[in-house]
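So the chains spell out like this:
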Amino acid sequence: MNLKTALLQGVQLLEDARIPAPRLTAEVLLSFALRREREYLYAHPEEELTELGWIHYGRYLHQRLKGMPTQYITGRQEFYGRDFRVTPDVLIPRPETEHVVEACLARLHPGMAAVDVGAGSGAIAATLSLERNMPVFACDISAAALRVAAHNARTLNARVGFVCCDLLAPFAAASIDLVVSNPPYVPLSDSETLQREVRDFEPHVALFGGPSGFEIYERLIAEARRVLKPGGWLVMELGYNSLEPVRRMLAAGWREAEPIPDLTGMPRVMAAQAG
């Protein structure tokens, strides 16, 4: 079987199973099986697929058909122009979270102390460190997630210090200039409505914020108020229905609370300045 035929068969299998983006997914999985770039498939369509290549490709297709996200199969996801390692221990970085990074970069300068809460893969912390050429703290309640984040920081030569903790517990009062977080904000009651790729494979500790979905926001805002210096910033990603509840949580003790929309106009980020 040549590469062209293998690709077409993979696309058909994925289409029949209603997997999103079947051609792109088949291209990614076949090129990953060959340890080649996707362009190689179109430059060498008549090349015969080796037995080992077919075994790998077939296994990856089977995993995707069972619902495993492509990023967990390949172990990588691009974020802000860089490749990050991802495993089922961490949430897959989304393009929407790049708006969080942009909001931080507008407020963060070398010499400031910044901490990423719930760092996961370390995508936010490493990106801020590299973009501003400065050290950044990253914390997470999951030691397994921090191992992935530490690997990414080492690979990218980002200066990130890691702390395994619950939110901001170990940080001293009035010691931080910027707190950033993409917190868990999915209500537990929404579990059955999530895509199976998310519900069955991504870490629940990074997804679910409690019965209402706002429990982590409430705790994080209180702790950020404690650790931020006067005039310091709290930058958080917002869930689809989080804007008004989060705005109410920021009504006291904050100088301003500015929602920032994504490209569709949906409020995606909240930036609040400590009074």
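Residues numbered from 1 in each chain as written. Predicted model: local features only at pLDDT ≥ 70, side-chain atom pairs only at ≥ 80, totals over all residues. Heavy atoms only, no water.

A. Geometry of the overall build of the protein. Helix and strand counts for the protein stand at twelve helices and eleven strands. Over its C-alpha trace the protein gives a radius of gyration of 21 Å, about what one expects of a compact globule, namely 19 Å for 275 residues. A principal-axis box enclosing the C-alpha atoms of the protein has dimensions of 65 × 40 × 35 Å. When the 275 residues of the protein are sorted by exposure, 52% land in the buried category. Surface summary for the protein: the accessible area is close to 12,900 Å², and the carbon and sulfur share equals 55%. (Helix = DSSP H or I, 4+ residues; strand = E, 2+ residues; numbered from the N terminus. Rg over C-alpha atoms; globule rule 2.2 N^0.38 Å. Buried < 20%, exposed > 50% of the residue type's maximum accessible area, 1.4 Å probe, protein only. Areas by Shrake-Rupley, 256 points an atom, 1.4 Å probe, with all protein chains shown as cover.)

B. Geometry of the pattern of salt bridges. As enumerated under the stated definition, the model contains 13 salt bridges in all. A salt bridge links Lys229 to Asp177; the shortest N-O distance between them is 3.4 Å. Here Asp177 lies in strand E6 (residues 176–181) and Lys229 lies in strand E9 (residues 228–237), a separation of 52 residues in the sequence. Take Asp177: its relative accessible area is 16%, and that puts it in the buried class. Linked through salt bridges whose partners overlap, the residues forming this network are Asp166, Arg219 and Glu223. (Salt bridge = Lys/Arg side-chain N within 4 Å of Asp/Glu carboxyl O.)

C. Local environment of the pairing of strand E10 (residues 254–261). Sheet topology note: the E10/strand E11 (residues 267–274) ladder contains seven bridges and is antiparallel. Its bridge partner being in E11, Glu256 is matched across the sheet by Gln273. In this antiparallel pair of consecutive strands, E10 and E11, the connection spans five residues, and Gly265 shows a positive phi of 90°. (Pairing = 2+ DSSP bridges.)

D. Representation of the packing of helix H2 (residues 22–34) against helix H4 (residues 51–65) within the structure. Running from N to C, H2 and H4 cross one another at 140°; their axes reach a closest spacing of 8 Å. Comparing their axes, H4 and H2 come out oblique. Classified by chirality, the crossing of H4 by H2 is right-handed. Contact residues: H2 offers Thr25, Ala26, Leu29, Leu30, Phe32 and Ala33, while H4 offers Gly53, His56, Tyr57, Tyr60, Leu61 and Arg64. (Axes fitted to C-alpha atoms, helices over the stretch in contact; angles between N-to-C directions. Parallel < 35°, antiparallel > 145°, perpendicular 65-115°, else oblique. Left-handed = near helix turned anticlockwise from the far one by under 90°. Contact = heavy atoms within 4.5 Å.)

That is the geometry; function is a separate question.
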